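# Structure assessment
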Amino acid sequence: MGSMKLEMDNAEMLARKRLARRIVDFETIYVLHRDDRKGYLLLLALEEEQWRILESVSLDHSKGRMEELHEMPVDKEGIEAIRMALKHWSAEKPPGRPAKYDPDREGQEIFVYHVYGGKPIRSIARDFHMGPATVQKLLNRVRFKVADRFVSGELPLTPDAPNYEKNLGVLRWAIKNSDGELRAKYADFLKATLSDM
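Residues numbered from 1 in each chain as written. Predicted model: local features only at pLDDT ≥ 70, side-chain atom pairs only at ≥ 80, totals over all residues. Heavy atoms only, no water.

Running from N to C, helix H6 (residues 132–152) and helix H8 (residues 180–195) cross one another at 55 degrees; their axes reach a closest spacing of 10 Å. What the angle tells us is that H6 and H8 run oblique. Crossing of H6 over H8 shows left-handed handedness. Taken together, the residues of H8 that come into contact with H6 (itself represented by Phe144, Ala147, Asp148, Phe150 and Val151) are Leu182, Lys185, Tyr186 and Phe189. Its residues placed into classes, the contact of H6 with H8 shows seven nonpolar, no polar and two charged. (Axes fitted to C-alpha atoms, helices over the stretch in contact; angles between N-to-C directions. Helix = DSSP H or I, 4+ residues; strand = E, 2+ residues; numbered from the N terminus. Parallel < 35°, antiparallel > 145°, perpendicular 65-115°, else oblique. Left-handed = near helix turned anticlockwise from the far one by under 90°. Contact = heavy atoms within 4.5 Å. Nonpolar A, V, L, I, M, F, W, Y, C, P; charged D, E, K, R; others polar.)

Going through the model one piece at a time under the given rule, you end up with eight salt bridges. Between Arg22 and Glu71 there is a salt bridge; the shortest N-O distance is 2.8 Å. Note that Arg22 is positioned in helix H2 (residues 17–23) and Glu71 in strand E4 (residues 67–74), a separation of 49 residues in sequence. What makes Arg22 buried here is its relative accessible area of 16%. In the salt-bridge network here, residues are joined through shared partners; they are Arg22, Asp25, Glu47, Arg52 and Glu71. (Salt bridge = Lys/Arg side-chain N within 4 Å of Asp/Glu carboxyl O. Buried < 20%, exposed > 50% of the residue type's maximum accessible area, 1.4 Å probe, protein only.)

A separate point is the packing of aromatic side chains. Per the counting criterion, the structure on display carries five aromatic pairs. One aromatic cluster is present, built from ring pairs that chain together Phe144, Trp173 and Tyr186. (Phe/Tyr/Trp six-rings, centres within 6.5 Å; stacked < 30°, edge-to-face > 60°.)

Below is the structure:
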């Protein structure tokens, strides 16, 4: 079971005075659950070879109550149950909707349709059943990858190559939408390419 450092700033220590006084007695403390929005904190602590569960709720002081602290001893079976629960919680998938597409495959198709085919983003979004923002994000990701492939020489960027003007447009887009060393790299490559003509 991994530990997580319990950190409390001065304001939280004032709101959790009972907990702050109590935790100095423990040898080891694990944070099992923390919800700052609700003021909830669940801890597992070891004191003189006895494991304890501590539940601290920081309450609204405007109502005259600052904190509720509940404490309960836990035997070895209880510790094992907590360990299994933590293992289960950590194995769960992170929140959010899973992607319905492969970013590389759809991104390449979107790039080809938009850059070389001239298809509008809204039309692509309808065809791929995506939001326009998702289409734009995938398109931009592939634009940078293609620009990198021009710079590295993986893709030719010569006047006799197909879609030469559109490829120059991709490189110009990458210059405009990057900064620092990356922008300089793209700009230097474009300058060298155009001077070779």
